[in-house]
Amino acid sequence: MTAFVDAMVFLAVIMMAIAVTIAHSPVQGGGGADPDQFLDALGSIEVRMSDMTEKDDDTLVYLVDLMAMSLFETNASQDYVEDILDTLFGQRVYSLSMEYGSRSASFGTSSDYWSVEDTRSYAISTGGTLNVTLRTL
Amino acid sequence: MESLVSMMTVITVVGLYMVFVATSAAATYTPLEDFDTESMDIRLGDGIEMSDSYLYMFLATGKADGISVTVSVPFFSEDSRTVTVGSTDGPEYSEKYLLLLEHSNGRTVPAIAEVRAYI
């Protein structure tokens, strides 16, 4: 009977050790890109207006301004962001949604099972705020 | 009999725990933990330019036998650029890094560096 009780106590200790090992395991992937890093970079991307629209205008603009504009008037900014995300996270293994005033749009995969989600708000040069949420597996 | 069963149970559980610890360590290991993309001096000129000096220095640390870096700049460069140093045999670990680069006429555009380390 004593040996059995000892074994049970030992098993309990091992279970606690497993729980501690899981809790302190480092995150796999080290310094690779994640939604947080992408959303940080998104606010700093600057392109020429003529890169993303058919306007003959070489004004330097933030990409987030063009993303907000794309909710009212089609431009290439959404395709550009999709290109970046496809390369970074794999084709369609992400979901990006954006909201500006009463307008919104999303692209990528629709799923309820994302493991990482991050949101940023960007001040738009013409006023208002663009909210962008990125989810990945 | 009771102590024999208890001992067998304990030995089995300890064995399983050690296997668990070993597989956890293998799953979380990456030779690219200290890899620094800033040190690669990636630039956009006529095409994508980068230095391979840092890759030789990285290999000298003994963390990998070979390393390959492919940089692509979506939309602004049709061709990607790959630099490989060392042996590309053996198990491979890869990571993707997002970099912001200065491009022509004041543009700041993202580049994606896919780094593969071979150990």
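These numbers come from a predicted model, not from an experiment. (Residues numbered from 1 in each chain as written. Chains lettered and ligands numbered in written order. Predicted model: local features only at pLDDT ≥ 70, side-chain atom pairs only at ≥ 80, totals over all residues.)

**Student:** I'm lost on the interface of chain B and chain A in this one. Help?
**Tutor:** How big an interface is tends to be reported as the loss of accessible area on association of its parts. The interface of chain B with chain A comprises 31 residues on the first partner and 32 residues on the second. In terms of residues, the side of chain B that touches chain A owes the most to one element, helix H1 (residues 2-28) of chain B, which gives twelve residues. (Contact = placed C-beta atoms within 7 Å. Helix = DSSP H or I, 4+ residues; strand = E, 2+ residues; numbered from the N terminus.)

**Student:** What exactly am I supposed to notice about the nonpolar core here?
**Tutor:** Nonpolar side chains in soluble globular proteins tend to be buried together. Grouped together as the largest cluster of nonpolar side chains are 49 residues, with contacts concentrated most on Leu63, Val64, Met67, Leu88 and Leu130 of chain A together with Ala113 and Val115 of chain B. Element by element, the count of residues in this core is highest for strand E6 (residues 108-118) of chain B, at seven residues. (Core = buried A, V, L, I, M, F, W, Y, C linked by C-beta atoms within 7 Å. Buried ≥ 20, exposed ≤ 12 C-beta atoms within 10 Å, placed from the backbone.)

**Student:** Before we go on, may I ask you to explain the pairing of strand E6 (residues 129-136) of chain A in this structure?
**Tutor:** Successive side chains on a regular strand alternate, one facing one side of the sheet and the next facing the other. Residue and element names in this part refer to chain A. In this structure, strand E3 (residues 94-100) lies alongside E6, joined through seven bridges in antiparallel fashion. Within E6, the residue paired with Leu96 across the bridge is Leu134. Where strand E5 (residues 116-123) lies against E6, eight bridges are found, and the strand directions are antiparallel. When the sheet's bridge partners are listed, Asp118 is paired in E6 with Leu134. Joining the antiparallel neighbours E5 and E6 is a turn of five residues, in which Gly127 adopts a positive phi near 110 degrees. (Pairing = 2+ DSSP bridges.)

**Student:** How should the domain arrangement of chain B be read in this particular structure?
**Tutor:** When cut into domains, chain B gives domain 1 (1-30) and domain 2 (33-118). Using C-alpha coordinates to define each centre, domain 1 of chain B is positioned 41 Å away from domain 2 of chain B. (Domains from an automatic or database assignment.)

**Student:** Please clarify how the sheet that holds E5 of chain A should be interpreted in this entry.
**Tutor:** In sheet architecture, strand pairing relies on hydrogen bonds along the backbone and comes in two forms, parallel and antiparallel. All names here are of chain A. Taken in spatial order, the four strands of this open sheet run E4-E3-E6-E5, and their pairing is antiparallel. This sheet does not close on itself; its edge strands, each paired only once, are strand E4 (103-108) and E5. On average, each strand axis in the sheet is tilted by 15 degrees relative to the strand beside it, whichever way the strands run. Contacting E5 and E6, helix H2 (residues 35-42) crosses the sheet at an angle of about 155 degrees to E6. (Axes fitted to C-alpha atoms, helices over the stretch in contact; angles between N-to-C directions.)

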